[in-house]
Amino acid sequence: MTCNRRVFGTLLISSFLSAVSNQSATAFSARDDARQGFSRSGDDALDQAFIAELKRIVSVLNINPGFQYIDEMNSYSTIEVYIPGTKGTVFFGVPLIKMLMMEPDGGIAVAGIAAHECAHVLQYVIDIPSKLRTTSGSVTLLELHADFLAGYYIGRRNGDGSSSIIRLSSALYKFGDYDFKSPAHHGTPAKRSAAAEKGYAVAQNGGKLQDAIEAGMKYVKEL
Ligand SMILES: [Zn+2]
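Residues numbered from 1 in each chain as written. Predicted model: local features only at pLDDT ≥ 70, side-chain atom pairs only at ≥ 80, totals over all residues.

1. As for the pairing of strand S3 (residues 75–78)
The line we're drawing: Exposed residues have 12 or fewer other C-beta atoms within 10 Å of their own C-beta, buried residues have 20 or more, and partly exposed residues fall in between, where C-beta atoms are placed from the backbone. Elements are defined by DSSP. Helices are runs of H or I of four residues or more, strands are runs of E of two residues or more, and each kind is numbered from the N terminus. A pair of strands is labelled paired if DSSP reports no fewer than 2 bridges between them.
Of the two faces of S3, the one carrying Ser75 and Ser77 and the one carrying Tyr76 and Thr78 are both buried. Pairing of S3 with strand S4 (residues 89–93) involves four bridges; the strand directions are antiparallel. Paired with Tyr76 across the two strands is Phe91, which belongs to S4.

Printed below as a string of structure tokens:
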């Protein structure tokens, strides 16, 4: 059981922010809490908009994860199934969503971060982690690849101009970190925003999902 929990915590969980996952004990307890995730945020308008966004994301990324809210300033994804009939699960922190929504065009940042988490599920499904995880166990390349795919999603999202990628790029810049020695390092602010912008460009050039997956892998490997 201890072993399973260790594997669950270190290999199959990705968080959006590195701050929590730097503290493995906290990350483990967060996962246990997440089993009691909830399906309504308490704000019906937010739920409606968020569900519509998630439907667009899973359509573009061609995945079928379950979704749950949690009461944390972070979000996570896992290949574990918590909702029957789905593949993988994404947990969104309501405090994180509400914080982002307080800023101008916050919905774009929320959309991009939701796409980042969903991109991790796609990575699990097509076995990207084995290709991008370094021998030291660092998740940085996986995180930047998820940022790349989040940018790709924003580029595929209907009705948005280039201001949308600028908004996502600045949100990711803010969430970058400089914890180079930590295996949970998610990428510097500049690298996170640049990865999303590159993914956006693939979409703008008419690239398909597979093009974005491969271009993203090539991009992060060359960093
Ligand atoms: Zn992530």
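2. Let's talk about the environment of Gln123
Our working definition: Placing C-beta atoms from the backbone, we regard two residues as in contact once those atoms come within 7 Å.
Within the secondary structure, Gln123 sits in helix H6 (residues 106–125). Exposure remark for Gln123: the 27 C-beta atoms within 10 Å place this residue in the buried category. Measuring from C-alpha to C-alpha, the distance between Gln123 and His145 comes to 8.9 Å, with 22 residues separating the pair along the chain. Those residues in contact with Gln123 that sit more than four places away from it in its chain are Ile128, Pro129, Leu142, His145 and Ala146.

3. Focus: the environment of Met99
Along the chain, the position of Met99 falls in helix H5 (residues 94–101). Of the residues examined, Met99 has 14 C-beta atoms within 10 Å and is grouped as partly exposed. Placed 26 residues apart in sequence, Met99 and Met73 show a C-alpha to C-alpha distance of 8.6 Å.

4. Looking at the packing of helix H8 (residues 140–156) against helix H10 (residues 189–204)
Inclusion rule: Simply put, an axis is a line fit to the C-alpha atoms, just over the touching stretch for a helix, and the angle between two N-to-C directions goes from 0 to 180 degrees. In this scheme, roughly parallel covers angles under 35 degrees and roughly antiparallel covers those over 145, while 65 to 115 is roughly perpendicular and the rest are oblique. Should the near helix be turned anticlockwise from the far one by less than a right angle, the crossing is termed left-handed; should it be turned clockwise, right-handed. Under the grouping applied here, Gly and all other residues not named as nonpolar or charged are polar, the nonpolar ones being Ala, Val, Leu, Ile, Met, Phe, Trp, Tyr, Cys and Pro and the charged ones Asp, Glu, Lys and Arg.
Where H8 meets H10, the closest approach of the two axes is 6 Å, and the angle between their N-to-C directions is 40 degrees. As judged from the angle between their axes, H8 and H10 are oblique. Relative to H10, the crossing made by H8 is right-handed. On H10, the residues touching Leu144, Asp147, Phe148, Leu149, Ala150, Gly151, Tyr152, Ile154, Gly155 and Arg156 of H8 are Lys191, Arg192, Ala195, Ala196, Glu197, Lys198, Gly199, Tyr200, Val202, Ala203 and Gln204. By residue class, the composition of the contact of H8 with H10 is 11 nonpolar, four polar and six charged.

5. Quick word on helix H4 (residues 44–61)
Spelled out, the test is: To estimate how far a helix should extend, the number of its residues minus one is multiplied by 1.5 Å.
Helix length check: H4, at 18 residues, gives a terminal C-alpha distance of 26 Å against a target of 26 Å (1.5 Å per residue), a fit within 8%. Residue Asn62 follows H4 closely and has a positive phi angle near 55 degrees.

6. Some thoughts on H10
Under the 1.5 Å per step criterion, the end-to-end length of H10 is 23 Å for 16 residues, consistent within 8% with the ideal 22 Å. Within H10 the residues assigned to the buried category are Arg192, Ser193, Ala194, Ala195, Ala196, Glu197, Gly199, Tyr200, Val202 and Ala203. The elements touched by buried residues of H10 are H6, H8, helix H9 (163–175) and helix H11 (209–221). Following H10 by one or two positions, Gly206 has its phi on the positive side, about 85 degrees.

7. Notes on unusual backbone geometry
Although it is not a glycine, Asn62 sits at a positive phi angle of roughly 55 degrees. One non-glycine residue, Asp105, lies in the positive phi region at around 55 degrees. Relative to the helices and strands, Asp105 is located in the loop between H5 and H6.

8. Let's talk about the nonpolar core
Applicable threshold: The term nonpolar core means buried Ala, Val, Leu, Ile, Met, Phe, Trp, Tyr and Cys residues held together as one set by C-beta atoms within 7 Å.
Counting residues in each nonpolar core, the largest one holds 56 residues, and the members touching the most others are Leu61, Ala115, Cys118, Leu149, Ala150, Tyr153 and Leu168. Broken down by element, the residue count for this core peaks at 12 residues, all from H6. Those residues within four positions of Tyr153 in sequence are excluded, and the remaining contacts are Ile57, Val60, Leu61 and Ala115.

9. Quick look at the packing of H9 against H10
Packing of H9 against H10 leaves a shortest axis separation of 7 Å and a crossing angle of 155 degrees. As far as their axial angle goes, H10 and H9 are roughly antiparallel. The interaxial crossing formed by H9 with H10 has right-handed handedness. Across from Ile165, Leu168, Ser169, Ser170, Leu172, Tyr173, Lys174 and Phe175 in H9, the residues of H10 making contact are Pro189, Arg192, Ser193, Ala196, Glu197 and Tyr200. Counted by class, the contact of H9 with H10 contains eight nonpolar, three polar and three charged residues.

Remember that the coordinates give geometry; whether it matters functionally is a separate question.
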